[in-house]
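Chain by chain, the residues:
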Amino acid sequence: WIPRAAQIIFLNKTCYNGLFRFNNSGAFNSPAGEYVRPTICDENNLKAVSSTLQSAEIRVSGFEEVMHAANPSSFIYFDPPYRPLSNTASFTAYSKHSFTDEHQLQLGNLVRQLDKKGNFIMLSNSDPKNTDPNDNFFDDLYAGFHISRIPARRSINSKASKRGPVNEIIVTNY
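Residues numbered from 1 in each chain as written. Predicted model: local features only at pLDDT ≥ 70, side-chain atom pairs only at ≥ 80, totals over all residues. Heavy atoms only, no water.

Chemist: Talk me through unusual backbone geometry; I want residue IDs and the actual numbers.
Modeler: Look at Asn 17: it is not a glycine, yet its phi comes out positive at around 50°. Positionally, Asn 17 belongs in the loop between helix 1 (2-14) and helix 2 (43-53). (Helix = DSSP H or I, 4+ residues; strand = E, 2+ residues; numbered from the N terminus.)

Chemist: If you had to explain the sheet that holds strand 2 (residues 120-126) to someone new, which residues and values would you point to?
Modeler: Each strand in a sheet pairs with its neighbour through backbone hydrogen bonds, running either in the same direction (parallel) or in the opposite one (antiparallel). The strand order across the open sheet formed by four strands is 1-2-4-3, and the pairing between neighbours is mixed. The strands lining the two open edges of the sheet, one partner per strand, are strand 1 (75-78) and strand 3 (146-154). Looking at each pair of strands side by side, their axes are set apart by 20° on average, direction ignored. The sheet contact formed by strand 1 and strand 2 spans four bridges and is parallel. Bridging across to strand 2, Tyr 77 finds its partner in Met 122. Along the sheet, helix 4 (residues 101-117) contacts strand 1 and strand 2; its crossing angle with strand 2, the most-contacted strand, is approximately 160°. (Pairing = 2+ DSSP bridges. Axes fitted to C-alpha atoms, helices over the stretch in contact; angles between N-to-C directions. Contact = heavy atoms within 4.5 Å.)

Chemist: Summarise a nonpolar patch on the surface; cite the residues concerned and give the values.
Modeler: A surface patch of nonpolar side chains, about 320 Å² in accessible area, is lined by Ile 8, Phe 20, Phe 22 and Phe 28. If you trace the backbone, Phe 20 turns up in the loop between helix 1 and helix 2. A residue is classified by how much of its surface remains accessible, and Phe 20, at 32% relative accessible area, is partly exposed. (Patch = residues over 30% accessible without salt bridge, like charges linked within 9 Å, V, L, I, M, F, W, Y side chains within 5 Å. Areas by Shrake-Rupley, 256 points an atom, 1.4 Å probe, with all protein chains shown as cover. Salt bridge = Lys/Arg side-chain N within 4 Å of Asp/Glu carboxyl O. Buried < 20%, exposed > 50% of the residue type's maximum accessible area, 1.4 Å probe, protein only.)

Chemist: So what's going on with the nonpolar core? Which residues, and what values?
Modeler: One finds Phe 78, Leu 107, Leu 110, Val 111, Leu 114, Leu 123 and Tyr 142 to be the most contacted residues of the largest nonpolar core, which totals 20 residues. Mapped by element, the contributors of at least two residues to this core are helix 3 (66-69), strand 1, helix 4, strand 2, helix 5 (137-141) and strand 4 (164-172). Per-element accounting of this core gives the leading share, four residues, to helix 4. What Leu 107 contacts, discounting residues up to four positions off in sequence, is Phe 63, Phe 78, Pro 80, Phe 99, Leu 123 and Tyr 142. (Core = buried A, V, L, I, M, F, W, Y, C linked by side-chain atoms within 4.5 Å.)

What follows is the structure in structure tokens.
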């Protein structure tokens, strides 16, 4: 895993705007960035992150599996593929497997189950109100939870004029 982690850090620091993605066939397809001297190894930051993560258990799995692994003291953060803000901005297919509104609803159901177990939960996603003020998909799905709208800068867009802050949502049960 150490060589793989080093490769991912390298790609994150040298691909276009830190973009790391796969196409629908599962092949890596991020363009190269135009950096003169990218800082690939920030030793102090890597050591600080490593120290912090020593007390964490990180699992890569389908979100459905979290229910079996969580105990009452678990803090669970979900970062699913974001719901598209437009028909041309769909990043729901980070791999050859899509993440649809049906999956978003299933995740919402799991979040409610974990909340009933007493777990601390945080989830992030796009805010559909950026493009449609009447789109209450997440407001309805996470009714009763704390929903914060926070500005997030977008650095990746084929048109520079469309890069900039948009709101994302942070959902918590605390």
